[in-house]
Amino acid sequence: MISFNTASADNTATATPQGWALVIDDHPLFCDALELTLKSVTGFTQIKTADCLENALATLEDVAPPALVILDLNLPDVNGLDGLIRLKRHAEKTPVIIVSSMTDNSIISGAIVAGAAGFVPKHSPRAVFKDAIEQIERGEIYKPAGYVESSGPSERDETVTRLSSLTNQQARILELICEGKLNKQIAYDLTIAETTVKAHVTAIMRKLGVQSRTQAVLVAQDARFASALPNPE
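- The protein carries the name Transcriptional regulatory protein DegU in an unreviewed UniProt entry, which gives Ascidiaceihabitans donghaensis as its organism.

**Points about the nonpolar core**
Then, number 1: Ranked by size, the top nonpolar core spans 49 residues in total, and within it Ile24, Leu71, Leu84, Leu87, Ile98, Leu174 and Leu208 carry the most contacts.
Then, number 2: Per element, the largest residue contribution to this core is five residues, and it comes from helix 9 (residues 194-208).
Then, number 3: Leu71 has contacts with Ile24, Gly83, Leu84, Leu87, Val96, Ile97, Ile98 and Val99, leaving out every residue within four places of it along the chain.
Then, number 4: Counting 22 residues, the second largest nonpolar core, distinct from the first, contains Leu38, Val99, Ala117 and Ala132.

**Topic: the pairing of strand 4 (residues 47-50)**
Then, number 1: Of the strand pairs in this sheet, strand 3 (residues 21-24) and strand 4 are connected by four bridges, and their pairing is parallel. Paired with Ala21 across the strands is Ile47, a residue of strand 4.
Then, number 2: Once the chain exits strand 3 it traverses helix 1 (residues 28-41) before rejoining the sheet at strand 4, and the crossover so formed is right-handed.

**Quick notes on the packing of aromatic side chains**
Then, number 1: In the structure shown here, the tally under the stated rule is zero aromatic pairs.
Then, number 2: Over the ring of Trp20 we find Lys48; its NZ or CZ atom is 4.6 Å from the centre of that ring.
Then, number 3: Cation over ring: Lys122 sits above Phe30, and NZ or CZ is 4.6 Å from the ring centre.

**Describing the side chain of Asp25**
Then, number 1: Its place among the elements puts Asp25 in the loop between strand 3 and helix 1.
Then, number 2: Accessibility expressed as a relative area gives 2% for Asp25, which makes it buried.
Then, number 3: At 2.7 Å, the side chain of Asp25 forms a polar contact with the backbone nitrogen of His27.
Then, number 4: In terms of polar contacts, Asp25 uses its side chain to reach the side chain of Lys122, at 3.2 Å.
Then, number 5: Ignoring any residue separated from it by four or fewer positions in sequence, one finds Asp25 in contact with Phe30, Cys31, Leu34, Ala50, Asp51, Asp72, Leu75 and Lys122.

**Things to note about the sheet that holds strand 7 (residues 118-121)**
Then, number 1: With parallel pairing, the five strands of this open sheet are ordered in space as 4-3-5-6-7. For this open sheet the edge positions go to strand 4 and strand 7, each flanked by a neighbour on one side alone. Neighbour-to-neighbour, the strand axes of the sheet open up by a mean angle of 20 degrees, direction not taken into account.
Then, number 2: Helix 2 (residues 53-60) contacts strand 3 and strand 4 of the sheet and is inclined by roughly 165 degrees relative to strand 3.
Then, number 3: Of the strands in this sheet, strand 5 (68-71), strand 6 (96-100) and strand 7 touch helix 5 (residues 126-137), which is tilted by about 180 degrees from strand 7.

**Considering the packing of helix 8 (residues 183-190) against helix 9**
Then, number 1: For the pair helix 8 and helix 9, interaxial distance at closest approach is 8 Å and the crossing angle is 110 degrees. By the angle class used here, helix 8 and helix 9 are roughly perpendicular. The hand of the helix 8/helix 9 crossing is right-handed. Along its contact with helix 8, which presents Asn183, Lys184, Ile186 and Ala187, the element helix 9 presents Glu194, Val197, Lys198 and Val201.
Then, number 2: Of the residues that constitute the contact of helix 8 with helix 9, the class distribution is four nonpolar, one polar and three charged.

What counts and how
In this numbering scheme, every chain counts its residues from 1 along its sequence in written order. Totals for whole chains, interfaces and linings use every residue, but because this is a predicted model, local features are given only for residues with pLDDT of at least 70 and side-chain atom pairs only at 80 or more, for both listing and counting. Side-chain calculation: all heavy atoms of the structure are included, whereas hydrogens and water are not. We define the nonpolar core as a collection of buried residues of types Ala, Val, Leu, Ile, Met, Phe, Trp, Tyr and Cys that are connected through side-chain atoms lying within 4.5 Å of one another. Exposure is judged per residue with a 1.4 Å probe applied to protein chains only, and the accessible area is read against the type maximum: over 50% gives exposed, under 20% gives buried, and values in between give partly exposed. Secondary structure elements are taken from DSSP: a helix is a run of H or I of four residues or more, a strand is a run of E of two residues or more, and numbering for both begins at the N terminus. Note on definitions: a residue-residue contact is assigned when non-hydrogen atoms from the two residues lie within 4.5 Å. Any two strands with at least two DSSP bridges between them are considered paired. Handedness of a crossover: with both strands directed away from the viewer, a clockwise path from the first strand across the helix to the second marks it as right-handed. In this analysis, rings of Phe, Tyr and Trp, with Trp reduced to its six-membered ring, are considered paired at centre separations within 6.5 Å, and the interplanar angle assigns stacked below 30 degrees, edge-to-face beyond 60, and tilted for intermediate values. Whether a charge sits over a ring comes down to the Lys NZ or Arg CZ being within 6 Å of the ring centre and within 35 degrees of the ring normal. Here a polar contact is recorded for every N or O atom pair within 3.5 Å, except that within protein the pair must consist of a potential hydrogen donor and a potential acceptor, and residues adjacent in sequence are included only if both atoms are side-chain atoms. Here, axes are lines fitted to C-alpha atoms. For helices the fit covers the stretch in contact, and angles between N-to-C directions go from 0 to 180 degrees. Roughly parallel covers angles under 35 degrees, roughly antiparallel covers those over 145, roughly perpendicular covers 65 to 115, and oblique covers all other angles. Take the far helix as your reference; a near helix turned counterclockwise from it by less than a right angle gives a left-handed crossing, and one turned clockwise gives a right-handed crossing. Residues are grouped as follows: Ala, Val, Leu, Ile, Met, Phe, Trp, Tyr, Cys and Pro are nonpolar; Asp, Glu, Lys and Arg are charged; every other residue, Gly included, is polar.

Structural data, given as structure tokens:
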């Protein structure tokens, strides 16, 4: 949850967040706009930016976790919800707001299942961002206007939940499996014993509810559905 100090010099309801924020978006102008928006509606004084997931993860190393992350789903080095899932593994307790032009119900639902604290359509006015952040500060999940709650979790939602349960090491091994690498090659790449890789693969298949490596790859690919949708940006 975001921690705010709501006391201000003139006793107005100004919210000053404790800590720093991270904006992840590969469009420089929109990244700048998000930074200005956060400063305007929250009072964040320290905001870092990253233009891809790998740079964002590097920013998170050896520092206190950010108080808030703003994440675009369409990044050059991720596909679909994969970026959100990987980010949450590195900053598990940090609220993440997805900002995207793709506002299909299935995408919003999947993002929330994967751990997003809110979903704000791109080009929303500042008031919407303010509402979203205030709702998240209260421990709630922000869902955009027009979003229709489903009657129950979809098969894809369940897939995302399973993938989100993987540890960092298991997720990395699954990525290498998706690249077609064998246990011996994975052990070499990660500098671990082949028996350790086998144990991880067994745990991965159990968590994903599959019986083979091929099925595990299919499950991983299913979470990357956003690439199949037209990009309106």
